[in-house]
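# Observations on chain architecture
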Amino acid sequence: MIGLFKVKEKQKEEAKNNNTRGASAKKQSAGELRLHKDITELNLPKSCSISFPNGKNDLMNFEVTIKPDDGYYLGGKFVFTFQVSPVYPHEAPKVKCKTKVYHPNIDLEGNVCLNILREDWKPVLNINTLIYGLFHLFTEPNHEDPLNHDAAAVLRDNPKQFESNVKRAMSGGYVGQTSFPRCI
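Residues numbered from 1 in each chain as written. Predicted model: local features only at pLDDT ≥ 70, side-chain atom pairs only at ≥ 80, totals over all residues. Heavy atoms only, no water.

Taking an unreviewed UniProt entry as the reference, the protein is identified by name as NEDD8-conjugating enzyme Ubc12 belonging to Raphanus sativus. Check the Pathway (unreviewed entry) section of the UniProt entry for the protein; it says "Protein modification; protein neddylation." Note on the protein: under the UniProt heading Sequence similarities (unreviewed entry), the record states "Belongs to the ubiquitin-conjugating enzyme family." (UniProt positions renumbered as here; feature names shortened; annotations may be inferred.)

For the rest of this paragraph, the subject is the pattern of salt bridges. Inspection of every chain in the model, using the stated rule, returns eight salt bridges. Here Lys94 and Glu91 are joined by a salt bridge, their closest N and O atoms 3.8 Å apart. Across the pair Arg118 and Glu119 runs a salt bridge, and its minimum N-O distance is 3.5 Å. When salt bridges with common partners are traced through the structure, they connect Arg118, Glu119 and Asp145 into a single cluster. (Salt bridge = Lys/Arg side-chain N within 4 Å of Asp/Glu carboxyl O.)

On to helix 2 (residues 30-40), then. Among the residues of helix 2, Gly31, Glu32, Arg34, Leu35, Asp38 and Ile39 are the ones counted as buried. Projected down its long axis, helix 2 shows its buried positions confined to an angular sector of 165°, all on one face. Residues Ala30 and Thr40 are exposed on helix 2 and point more than 90 degrees away from its buried face. In this fold, the buried residues of helix 2 make contact with strand 2 (61-66) and helix 3 (127-139). (Buried < 20%, exposed > 50% of the residue type's maximum accessible area, 1.4 Å probe, protein only. Helix = DSSP H or I, 4+ residues; strand = E, 2+ residues; numbered from the N terminus. Arc of directions from axis to C-beta. Contact = heavy atoms within 4.5 Å.)

Per the stated rule, a full pass over the model turns up 10 aromatic pairs. Geometrically, the ring pair formed by Tyr73 and Phe78 is edge-to-face, given 5.9 Å between the ring centres and 80° between the ring planes. Between the aromatic rings of Phe78 and Phe138, the centroid separation amounts to 4.5 Å while the plane-to-plane angle is 20°, which identifies the pairing as stacked. A residue pair is termed long-range when its members are at least 10 positions apart, and Phe78 in strand 3 (residues 78-83) and Phe138 in helix 3 qualify at 60 residues. For Phe138, a relative accessible area of 0% translates into the label buried. An aromatic cluster of at least three residues, connected via ring pairs, comprises Tyr72, Tyr102, Phe162 and Phe180. A cation sits over an aromatic face here: Lys100 above Phe180, 5.6 Å from the ring centre. (Phe/Tyr/Trp six-rings, centres within 6.5 Å; stacked < 30°, edge-to-face > 60°. Lys NZ or Arg CZ within 6 Å of the ring centre and 35° of its normal.)

The next point concerns the sheet that holds strand 2. Pairing is antiparallel across the open sheet formed by four strands, whose spatial order is 1-2-3-4. This sheet does not close on itself; its edge strands, each paired only once, are strand 1 (48-51) and strand 4 (94-97). Ignoring strand direction, the axes of neighbouring strands in this sheet form an average angle of 25°. Two strands pair when backbone bridges link them, and strand 2 and strand 3 are joined in this way by six bridges, in the antiparallel orientation. When the bridges of strand 3 are listed, Thr65 appears paired with Val79. (Pairing = 2+ DSSP bridges. Axes fitted to C-alpha atoms, helices over the stretch in contact; angles between N-to-C directions.)

Membership of the largest hydrophobic core comes to 43 residues, with the highest contact counts inside it found for Leu35, Phe80, Phe82, Val112 and Leu134. When contributions to this core are tallied by element, the ones reaching two or more residues are helix 2, strand 2, strand 3, strand 4, helix 3, helix 4 (149-157) and helix 5 (159-170). Setting aside anything within four residues of it in sequence, one finds Val112 in contact with Phe80, Val95, Cys97, Asn105, Ile106, Leu117, Leu134, Leu137 and Leu147. (Core = buried A, V, L, I, M, F, W, Y, C linked by side-chain atoms within 4.5 Å.)

Shown next as structure tokens:
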């Protein structure tokens, strides 16, 4: 019991010393603690990577890059931003696609239609699950729950034309009146 009091005293002293140097000890929210755990336990496919553009001190905002190794989007490079709320995991992260892409489940503004980002989100899910969900959108796009209705209709009615449109868009061309940046 005496050892516990000594540890507490030492912690108070360290906190006091830090405060006198102008560096206040910021207390982490429950969301930050859970996110730190999720990131530490990530088990990403080789074709996915994570980066922290604001530095490691801002875990609540990060980017995930997905380079599909199969399907229509083979060879592409797609970047997603994640904004995580302090109440995570009780609220799903906000995810946007920074790369303009011709995809039935991603609109031209980067909004993503993935059920686990909306109605199927549960606190037991984690960042790893979301990244695998995004990865799955590229290996098997879903025309039944679209954000880009034109792309979904082409995928449903003419898969060969859809494949051609995806290749043209990823090469930096036009699909209809919409131009896409090169992402290969």
